[in-house]
Amino acid sequence: MTHSFRPTGVCSQLYTFDLEDGIIHNMKIVGGCNGNTQGLCKLLEGMDAKEAIEKLSGIRCGFKATSCPDQISRALKQAIGE
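Cut-offs and rules
- Residues numbered from 1 in each chain as written.
- Predicted model: local features only at pLDDT ≥ 70, side-chain atom pairs only at ≥ 80, totals over all residues.
- Heavy atoms only, no water.
- Helix = DSSP H or I, 4+ residues; strand = E, 2+ residues; numbered from the N terminus.
- Rg over C-alpha atoms; globule rule 2.2 N^0.38 Å.
- Buried < 20%, exposed > 50% of the residue type's maximum accessible area, 1.4 Å probe, protein only.
- Contact = heavy atoms within 4.5 Å.
- Areas by Shrake-Rupley, 256 points an atom, 1.4 Å probe, with all protein chains shown as cover.
- Lys, Arg positive; Asp, Glu negative; His and termini not counted.
- Charge placed at Lys NZ, Arg CZ, Asp CG, Glu CD.
- Pairing = 2+ DSSP bridges.
- Axes fitted to C-alpha atoms, helices over the stretch in contact; angles between N-to-C directions.
- Phe/Tyr/Trp six-rings, centres within 6.5 Å; stacked < 30°, edge-to-face > 60°.

A. Highlighting the overall build of the protein. Regarding its fold elements, the protein presents 3 helices and 3 strands. Scanning the protein from its N terminus toward the C terminus, one meets helices and strands in the order β-β-β-α-α-α. Compactness check: the protein gives a C-alpha radius of gyration of 11 Å against a globular reference of 12 Å for 82 residues, within 12% of the reference. The buried share among the 82 residues of the protein stands at 38%. Sequence separation of at least 24 residues holds for 39% of the intrachain contacts in the protein that already meet a minimum separation of 6. When the accessible surface of the protein is split by element, carbon and sulfur atoms take 53% of a total near 4,900 Å². For the protein, the distance from the average position of its 9 positive side-chain charges to the average position of its 9 negative side-chain charges is 11 Å.

Take a look at the structure:
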C-alpha cells in the first residue's frame, strides 16, 4: 500500500513510500537536501518500518526540534497505526 506524508518543520515537502508486510519500499522524498534524501531512501529500502522508526525517531537538524529522518519516523508511525 502506498502512503504519503507532508512533513513539518523541515525543508522536505512530501514523502511517499510503500509498506508491504511492514517492509519499506519505494521511499521518495520531494525537496530537502538532495544527496541526504537520496541516501535515506536507499538505506530505508527493504528495512522493517519498526526498525527504521527506532533508528530515526528523535534525530534533530541543527537547532530545529525535528529533522527529515525524524519526520520519516513519524510518517512510518502513522502508516503502521502507532
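B. A look at the environment of K77. Along the chain, K77 turns up in helix 3 (residues 68–80). On a C-alpha basis, the gap between K77 and I24 in space is 12 Å, while along the polypeptide they are 53 residues apart. Those residues in contact with K77 that lie beyond four places of it in its chain are I53, S57 and E82.

C. Quick look at the sheet that holds strand 3 (residues 23–31). If you walk across this open sheet you meet the 3 strands as 1-2-3, and the pairing is antiparallel. Edge strands, defined here as strands with exactly one partner in the open sheet, are strand 1 (2–5) and strand 3. Within this sheet the neighbouring strands show an average axis-to-axis angle of 20°, counted without direction. Where strand 1 meets strand 2 (residues 12–20), 4 bridges bridge the pair, whose relative direction is antiparallel. Note on strand 2: the bridge partner recorded for F5 is Y15. Strands in contact with helix 3 are strand 1, strand 2 and strand 3; relative to strand 2, the strand with the most contacts, it is inclined by about 45°.

D. How the structure looks around the packing of aromatic side chains. For the structure on display, the rule yields 1 aromatic pair. With a centroid separation of 6.2 Å and 15° between ring planes, the pair formed by F5 and Y15 is classed as stacked. With F5 in strand 1 and Y15 in strand 2, this residue pair connects regions lying 10 residues apart in the sequence. Judged by its relative accessible area of 13%, F5 is buried. Looking at Y15, the relative accessible area reads 0%, which means it is buried.

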